[in-house]
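Summary of the model geometry
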Amino acid sequence: MDFSIKRDEDLNEDEIIIIHNAKSDLINSLQIFLLNESIKSSPLKLYKGDTEYFIKINHILFFETYDNSVFAHTDADAYKSDYRLYELEEILNNDFIRISKSTIVNLNYIASIKRNFGSSSTINFFKSLKEVEASRKYLPILKEEIEKRIIKWKIEKVHKYSLESSLLQSQLSHYLQI
């Protein structure tokens, strides 16, 4: 497989073109990755009072319903959304997961999960005092997603270390030959 990267200072927006001759796992993975990345940087139109705000999706900690409205929460604020939770589930990337009938969370901001005596668990977020409840029904799916991310992170670290180690070894052997 060949690939090339070209820089064009005249472009207003990045453009990625993939030319392939058959469907493959790699092409599917690239497509999903690129779609997720473009969604992360997309702004979502939200409201606070009479003001419209355009908040990037990756800045949102969670969405929750309250009094028949959906609110998007950042670390410091909450904004009203025109979307219903089921609509958000369709447009959000795989960084978001439903944790109850009334809440969708951004997995990237979860700092802890505290089991309660009742049927729910409390989720706390990095850099925020906000917390939400995860229902018993959704908790196994949430924990599975977090475990997948931990495993993926560990694999990426090992892979990065092995690449750096290989590079250092080749540089070292080059210098030893001189």
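As a reminder, the structure under discussion sits directly above these lines.
Residues numbered from 1 in each chain as written. Predicted model: local features only at pLDDT ≥ 70, side-chain atom pairs only at ≥ 80, totals over all residues. Heavy atoms only, no water.

1. Brief notes about the pairing of strand β8 (residues 110-115)
What counts is decided by this rule: Here, strands pair whenever DSSP counts at least two bridges between them. Counting from the N terminus, the helices are DSSP H or I runs at least four residues long and the strands are E runs at least two residues long.
As judged from the five bridges shared by β8 and strand β9 (residues 120-125), these two strands associate in the antiparallel manner. What sits directly across from Ile-113, in β9, is Ile-123. Remark: four residues form the turn of the hairpin made by β8 and β9, two consecutive strands paired antiparallel.

2. Things to note about unusual backbone geometry
Inclusion rule: Exposure is judged per residue with a 1.4 Å probe applied to protein chains only, and the accessible area is read against the type maximum: over 50% gives exposed, under 20% gives buried, and values in between give partly exposed.
Of note, Asp-67 is a non-glycine position whose phi angle comes to about 50°, a positive value. For Asp-67, the location among the structural elements is in the loop between β3 (62-66) and β4 (69-73). Residue Asp-67 is classed as exposed on the basis of its relative accessible area of 62%. The phi dihedral of Lys-127 falls on the positive side, at around 55°, and the residue is not glycine. Structurally, the position occupied by Lys-127 is in the loop between β9 and β10 (131-135). Residue classification places Lys-127 among the exposed residues on the basis of a relative accessible area of 80%.

3. Examining the sheet that holds β9
Just so we agree on the cut-off: Interaxial angles span 0 to 180 degrees and are taken between N-to-C directions of axes, which are lines fitted to C-alpha atoms, for helices over the stretch in contact.
Spatial strand order, β8-β9-β10: three strands in an open sheet with antiparallel pairing. The sheet is open, and its two edges are formed by β8 and β10, each paired on a single side. Across the sheet, the mean angle separating the axes of adjacent strands is 30° when strand polarity is ignored.

4. Regarding the pairing of strand β7 (residues 103-106)
Burial along β7 is two-sided: the face carrying Thr-103 and Val-105 and the face carrying Ile-104 and Asn-106 are both buried. Bridge count between strand β6 (residues 96-100) and β7: four bridges; the pairing is antiparallel. Across the sheet, residue Phe-96 finds its bridge partner in β7, namely Asn-106. Hairpin connection between β6 and β7: a loop of two residues separates the two successive antiparallel strands.

5. Observations regarding the pattern of salt bridges
The criterion, for reference: Salt bridges are counted wherever a side-chain nitrogen of Lys or Arg sits within 4 Å of a carboxyl oxygen of Asp or Glu.
Taken as a whole and judged by the stated rule, the model has six salt bridges. Close ionic contact of Lys-48 with Asp-77 constitutes a salt bridge, the shortest N to O distance being 2.3 Å. Of this pair, Lys-48 sits in strand β1 (residues 43-48) while Asp-77 sits in the loop between β4 and β5 (78-81); the two residues are 29 residues apart in sequence, bridging distant segments of the chain. One salt-bridge network, in which partners are shared between bridges, spans Glu-144, Glu-145 and Lys-148.

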